[in-house]
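# Structural characterization, general
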Amino acid sequence: QVQLVESGGGLVQPGGSLRLSCAASGFTFSSYWMYWVRQAPGKGLEWVSAINTGGGNTYYADSVQGRFTIARDNAKITVDLQMNSLKPEDTAVYYCAADRGSSLRTAVHEYDYWGQGTQVTVSS
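Note that this is a predicted model, so its numbers are computed, not measured.

## Focus on the overall build of the chain
A tally of helices and strands in the chain yields zero helices and eleven strands. With the principal axes as the frame, the chain shows a C-alpha extent of 40 × 25 × 25 Å. A separation threshold of at least 6 residues defines the contact pool for the chain, and within that pool the share at least 24 residues apart is 58%. Here the chain has roughly 6,000 Å² of accessible surface; of this, 46% comes from carbon and sulfur atoms. The chain carries 9 positive and 10 negative side-chain charges, and their two centres are separated by 3 Å.

In structure tokens:
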């Protein structure tokens, strides 16, 4: 069956870094756009970043542009999110998601598969 398993979350001080990883299985990973989505306490889902099937095109929300980097490895069937210069407002549960669409989609509820999420807390 389809699985997306996130790891790498935790507690970090403001200005620190974390690297999230998502391991995929059960579907043709290289045919799917991959996304990171987050949900802060008491708020809705927020699209964070996306990467196309080949990994050559990446996209970021304005709130994380210049601080976060998404990358995928189609051989290892993983997608990572490197998060630098973290801020308290980055505190959220971060989800990995997969979408079979052929172009960028930021309507997160349309994604095909989701992981269970990993908590990121930025606090001193």
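## Quick look at the sheet that holds strand 7 (residues 68-73)
Ordered by their spatial adjacency, four strands build an open sheet running 1-3-8-7, and the pairing between neighbours is antiparallel. Of all the strands in the sheet, just strand 1 (3-7) and strand 7 have a single pairing partner and so form its edges. Ignoring which end each strand starts from, the neighbouring axes of this sheet average 15° apart. Direction of pairing for strand 1 relative to strand 3 (residues 18-25): antiparallel, over a ladder of five bridges. Its bridge partner lying in strand 3, Val5 is registered against Ala23.

## Quick word on the side chain of Asp80
Tracing the backbone through its elements, the reader meets Asp80 in strand 8 (residues 78-83). Polar contacts involving the side chain of Asp80 include one to the side chain of Ser21, which spans 2.9 Å.

## Observations regarding the environment of Glu46
When you line up the elements, Glu46 lands in strand 5 (residues 45-51). Along the chain, Glu46 and Ala107 lie 61 residues apart, while their C-alpha atoms are 9.2 Å from each other. Setting aside anything within four residues of it in sequence, one finds Glu46 in contact with Val37, Arg38 and Ser63. A distance of 3.3 Å separates polar atoms of two side chains, one belonging to Glu46 and the other to Ser63.

## Description of the pairing of strand 9 (residues 92-99)
Of all the eight residues making up strand 9, seven are buried; the element is thus mostly covered by neighbouring parts of the structure. With seven bridges joining them, strand 4 (residues 33-39) and strand 9 adopt antiparallel strand pairing. Bridged to Trp36 within strand 9 is Cys96. Relative to strand 11 (residues 118-122), strand 9 runs antiparallel, the two sharing three bridges. Across the sheet, residue Tyr94 finds its bridge partner in strand 11, namely Thr118. Both strand 9 and strand 10 (residues 113-114) contribute to a ladder of two bridges, which runs antiparallel. Following the sheet pairing, Ala98 is matched in strand 10 by Tyr113.

## Describing the nonpolar core
Grouped together as the largest cluster of nonpolar side chains are 37 residues, with contacts concentrated most on Met34, Trp36, Phe68, Val79, Leu81, Met83 and Tyr94. Secondary structure elements with two or more residues in this core: strand 3, strand 4, strand 5, strand 7, strand 8, strand 9 and strand 11. Look past the residues within four positions of Tyr94 in its chain and what remains in contact with it is Glu6, Leu20, Trp36, Val37, Arg38, Phe68, Leu81, Met83, Gly117, Thr118 and Val120.

Scoring rules and cut-offs
- Residues numbered from 1 in each chain as written.
- Predicted model: local features only at pLDDT ≥ 70, side-chain atom pairs only at ≥ 80, totals over all residues.
- Heavy atoms only, no water.
- Helix = DSSP H or I, 4+ residues; strand = E, 2+ residues; numbered from the N terminus.
- Contact = heavy atoms within 4.5 Å.
- Areas by Shrake-Rupley, 256 points an atom, 1.4 Å probe, with all protein chains shown as cover.
- Lys, Arg positive; Asp, Glu negative; His and termini not counted.
- Charge placed at Lys NZ, Arg CZ, Asp CG, Glu CD.
- Pairing = 2+ DSSP bridges.
- Axes fitted to C-alpha atoms, helices over the stretch in contact; angles between N-to-C directions.
- Polar contact = N/O pair within 3.5 Å; in protein donor to acceptor, adjacent residues only side chain to side chain.
- Buried < 20%, exposed > 50% of the residue type's maximum accessible area, 1.4 Å probe, protein only.
- Core = buried A, V, L, I, M, F, W, Y, C linked by side-chain atoms within 4.5 Å.

Geometric descriptors of this kind do not, in isolation, establish any biological role.
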